[in-house]
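# Working through the structure, step by step
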Amino acid sequence: MFRILQKIMTTGMVTENYDAASLPVRFRGEVIVADSPCITCQECSDACPTGALALLNGKMTINQRACIFCGRCVEICEQQMLRQTDNYKLAELSGQLQETGGRLRDRIIKTLGRSLAIRHLDVGSCNACDWEMTALNNPLYDLQQYGIDFVASPRHADLLMVTGVVTRNLTQALLMTYEATPTPKLVMAVGACAASGRTFGASYAIRGGVDKFVPVDIYVPGCPPRPQALLYGLMLALDRLK
Amino acid sequence: MIKNFTVSVKDLPATANVCYSKSQHGLMAMFANDERTLNGNFAIYCLFDGADKGELLLVKALLDAEQPLEFPSLTPIIPAAAWYEREINDLFGLTPVGHPDLRPLVLHENWPAGIYPLRKDFDSQTVVPDAARKFPVAHAHGEGVFEVPVGPIHAGIIEPGHFRFSQAGEAIIRLDAKLFFTHRGIEKAMEGLTVDQAIYRAERICGACSVSNALSFSLAVENITGVEIPERARWIRILVAELERLYNHVGDVGNLCAGLGFAVGVSNGARLKEHLMRLNEYITGNRFLRGMVIPGGVRFDVPGDLLLKIDKALGRLEPDFLQVVELLRENEAFLNRVNTTGILPNRAAKDLGVVGVAARASGIDYDLRRDKPYGGYDQTDFSVPVYHSGDVAARLWVRVDETLESIQIARLMIERITAAKAILAVPIPAAIPYSSGIGWSESARGSNVHWLMLAEGNRIYRHFVRSASYPNWPALTVAAPGNIIPDFPLVNKSFELCYACLDR
């Protein structure tokens, strides 16, 4: 018992503000396409493992939801048109949180008050996103300091954090869990698999991204999104980025 | 060294039996390949561990596609073959005759009978209609016996699996696990990709084994093409592989405490793991060390200032970790829960071909890094901890000892990287079409084996993945019965198996 107290005292408080830690120089965040002089050779889009790059109206564009931030396109572009930044705050709002000039969003946030209960739902992930969600509970991030917590049942949840491409074998679990969650409810697609469904291409066992089955309100890109990116997404959804 | 044998399918049991009896650790993997367009056969491959250091035995049995699509089951003589044969039956429609339990495994009740997705004439774009097959779960009968179904969606932040407990009061008398919920058909999705595209999918099979999967895949490519990677790349690979083991083991020691509600252990383990994850991000730009290992070498250098940072981090980790472990070792209440709980007997571990931490906790002195050395481990000294009690405690202490060994190996790599020339990768030449190769590594959970066959243009013809969790999952259903159901989370966490790696 004495040793436990001693360890607690010597370790001290480790909890920090969510984006307090410095970003590593090598961290691979958002890829940015310059306006010119892209020669539209499409070598980058051919090299992209998830097909996140495509020519749209003559301009190379990146689908952040499908990007796995591997940086292969940046390496391959001979024109040095692509640049990888350290921006990880890529979460975007959709669905209920975007509609009707924010009125619905205000109502949802008012209903949820200052607390949010989350249920995790793995519909075919590689477990990296799931481990990052677990990390939110570690004493450095301490998710509960924001009034947010993971709960054991969809019946108790306001938000479903969904990870993975929707597999054939988990489609029923996804639909039943969504159904079991009381309204108002929000759905967050966590990571490239859930947000795009394209990480492994087409397969007999994959049915696509989460929004093919249930409406998604928050997309958080990343492979996996680092814990700070998840927290950013949660804060954005709750309008707490002040 | 890999010794190859080719036999006809009727001679498979005899040949397999000889290899099995001569092997150190039995059957490592078993898989099929549709080679009808190449030679008119389906092929069934059995990979055995050889008796000598570095020796592997690969038996290829040819099944004439014109004959009935069946082969004699090996399960009656080699229990470890049971799941592999069920998987072959599911995905290829090749029936193991004499298999004692031929229920579906990978494809669930929603998959129609008679469609075999890993055959070459099955197109990935095919829309397969939903079906309602039977998917029976094993259970016990008797007066007062009741069932507890759990999952696939669990209460914590855990991957999906369904457990069916047959209970006599609090005691578990039987456990069956329905898994493969996250089956993504990755092996099929790999086909047709070039190896430099496929590496990004290979390292995304599993988050917690990202390096190990990328490493086994890359070693398989190098095995086929005969590539020798630069010295610096070799040491960088070992460094990241050991860092992967470190964050897993340190995190798992903490997580195990969650299985019995010891909050101080949980939060300290999580704190130490977080520091390691952040270190990973400094090295490879990704917290799961993704993006580093590629066929031919590594993608990024680890320069002097980073090596210094790693060395300092390890210097802080070691005493901190030992203090946390001390809190467990001297805590009677903790020891009461972990000692004699969830015993996996040595015999069962051998029969099931259990690997990694779980094997070494049940008296099996086996580690691929030492026994089948790969990628430079033959020049690296370290000791392999072995415990004999086979309980939760043994699996915990194996992890603790291995953590300390990994820190030493990582330190040695820091010295070696400093001294090695700054060449990071070599190009991969074109492979002879339809040549195949094996790559293996020891992940935090045990041996991880990838088998590859490459077609023209280094495009993947077949990719087979056998992660460490594959042989270990059936062991959990052996270790749990006899314990009380509240101890199941603890037993489960002590094995710490991946679902994603298994399901693919």
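Just so it is clear, the model here is predicted, and its values are computed rather than measured. (Residues numbered from 1 in each chain as written. Chains lettered and ligands numbered in written order. Predicted model: local features only at pLDDT ≥ 70, side-chain atom pairs only at ≥ 80, totals over all residues. Heavy atoms only, no water.)

### A word on the overall build of chain B
For clarity, the threshold we go by: Numbering of helices and strands starts at the N terminus; helices are DSSP runs of H or I of at least 4 residues and strands are runs of E of at least 2. Here the globule rule is a power law, 2.2 Å times the number of residues to the power 0.38, and the radius of gyration is based on C-alpha atoms. Type-normalised accessible area, obtained with a 1.4 Å probe on protein chains alone, sets the label of each residue: buried when under 20%, exposed when over 50%, and partly exposed for intermediate values. Here, residues are in contact when the closest pair of their heavy atoms is within 4.5 Å.
From N to C terminus, chain B includes 17 helices and 14 strands. In terms of C-alpha radius of gyration, chain B reaches 22 Å, essentially the compact-globule figure of 23 Å for 504 residues. Summarising its shape, the C-alpha atoms of chain B cover approximately 65 × 65 × 45 Å along the three principal directions. By residue count, 65% of the 504 residues in chain B fall in the buried class. Excluding contacts between residues fewer than 6 apart, the proportion of contacts in chain B whose partners are at least 24 apart in sequence is 69%.

### Some points on the side chain of Thr75(B)
All names here are of chain B. Put simply, the rule reads: Throughout this description, a polar contact denotes any pair of N or O atoms lying within 3.5 Å of each other; where both atoms belong to protein, one of them has to be capable of donating a hydrogen while the other can accept it, and for residues adjacent in sequence the pair is counted only when both atoms sit in side chains.
Following the sequence through the fold, threonine 75 ends up in the loop between β5 (70-72) and α3 (81-92). Separated by 3.5 Å, the side chain of threonine 75 and the backbone nitrogen of alanine 82 make a polar contact. Filtering out sequence-adjacent residues up to four positions away, threonine 75 remains in contact with Ala81, Ala82, Glu85, His99 and Pro100.

### A closer look at the nonpolar core
Residue and element names in this part refer to chain B. The cut-off we apply is this: We define a nonpolar core as any set of buried Ala, Val, Leu, Ile, Met, Phe, Trp, Tyr and Cys residues linked to one another through side-chain atoms lying within 4.5 Å.
By size, the foremost hydrophobic cluster in this structure holds 184 residues, and its most contacted members are Met30, Ile44 and Phe334. With 14 residues, helix α7 (residues 231-258) is the largest single contributor of residues to this core. Apart from residues no more than four positions distant in its own chain, phenylalanine 334 is found in contact with Leu256, Cys257, Leu260, Phe262, Leu328 and Leu396.

### Here we look at the interface of chain B and chain A
Short version of the rule: What gets called buried area is simply the loss in accessible area from a 1.4 Å probe that two parts show on being joined, summed for both. Note on definitions: salt bridges are taken to be side-chain nitrogens of Lys or Arg within 4 Å of carboxyl oxygens of Asp or Glu.
The interface of chain B with chain A comprises 79 residues on the first partner and 65 residues on the second. At the boundary of chain B with chain A, total buried surface from both sides reaches about 5700 Å², with 54% on carbon and sulfur atoms. The three residues of chain B that bury the most area against chain A are Ile157(B), Arg184(B) and Arg204(B), which together make up 13% of that side's buried surface. Seen at the junction of chain B and chain A, the total is nine salt bridges.

### A closer look at the sheet that holds strand β1 (residues 2-8) of chain B
Residue and element names in this part refer to chain B. Inclusion rule: Two strands qualify as a pair provided DSSP detects at least 2 bridges between them. Axes here mean lines fitted to C-alpha atoms, for a helix over just the part in contact, with angles spanning 0 to 180 degrees between N-to-C directions.
Taken in spatial order, the four strands make up an open sheet running β1-β4-β3-β2, and their pairing is mixed. At either margin of the open sheet sits one strand with a lone partner, and together these are β1 and β2 (27-35). Averaged over neighbouring strand pairs, the angle between their axes works out to 20° when direction is ignored. Its contacts with the sheet put α3 on β2 and β3 (41-49), and the angle it makes with β2 is roughly 15°.

### A short note on the environment of Gln172(A)
Relative to the elements of secondary structure, Gln172(A) occurs in helix α6 (residues 171-180). Each C-alpha atom of the pair Gln172(A) and Ala152(A) lies 19 Å from the other, and the pair is 20 residues apart in sequence.

### Topic: unusual backbone geometry
Note that the residue after Cys223(A), namely Pro224(A), is joined by a cis bond; omega there is -10°. Here the residue pair Gly151(B) and Pro152(B) is connected by a cis peptide bond, since its omega of 15° sits within 30 degrees of zero. With respect to the helices, strands and loops of the structure, Pro152(B) is situated in the loop between β7 (146-150) and β8 (162-168). The backbone phi angle of Asn127(A) is positive, close to 85°, even though this residue is not glycine. Using a relative accessible area of 1% as the deciding quantity, one classes Asn127(A) as buried. Phi at Leu289(B) is positive, roughly 65°, even though this residue is not glycine. As for its position among the elements, Leu289(B) is in the loop between α8 (263-284) and β10 (293-294). The exposure class of Leu289(B) is buried, given its relative accessible area of 1%.

### Topic: the pairing of strand β2 (residues 53-56) of chain A
Bridge count between β2(A) and strand β3 (residues 59-62) of chain A: four bridges; the pairing is antiparallel. For Leu55(A), the partnering residue across the bridge sits in β3(A) and is Met60(A).

### Comments concerning a nonpolar patch on the surface
The cut-off we apply is this: To count toward a patch, a residue needs a relative accessible area above 30% and no salt bridge. Like charges then connect within 9 Å, nonpolar side chains (Val, Leu, Ile, Met, Phe, Trp, Tyr) within 5 Å. Computed with the Shrake-Rupley method and a 1.4 Å probe, the accessible areas treat only the protein chains shown as cover for residues.
Side chains of Met1(A), Leu5(A) and Ile8(A) sit close together on the surface and give an oily, nonpolar patch of about 340 Å² of accessible area. As for its placement among the helices and strands, Ile8(A) is situated in helix α1 (residues 2-11).

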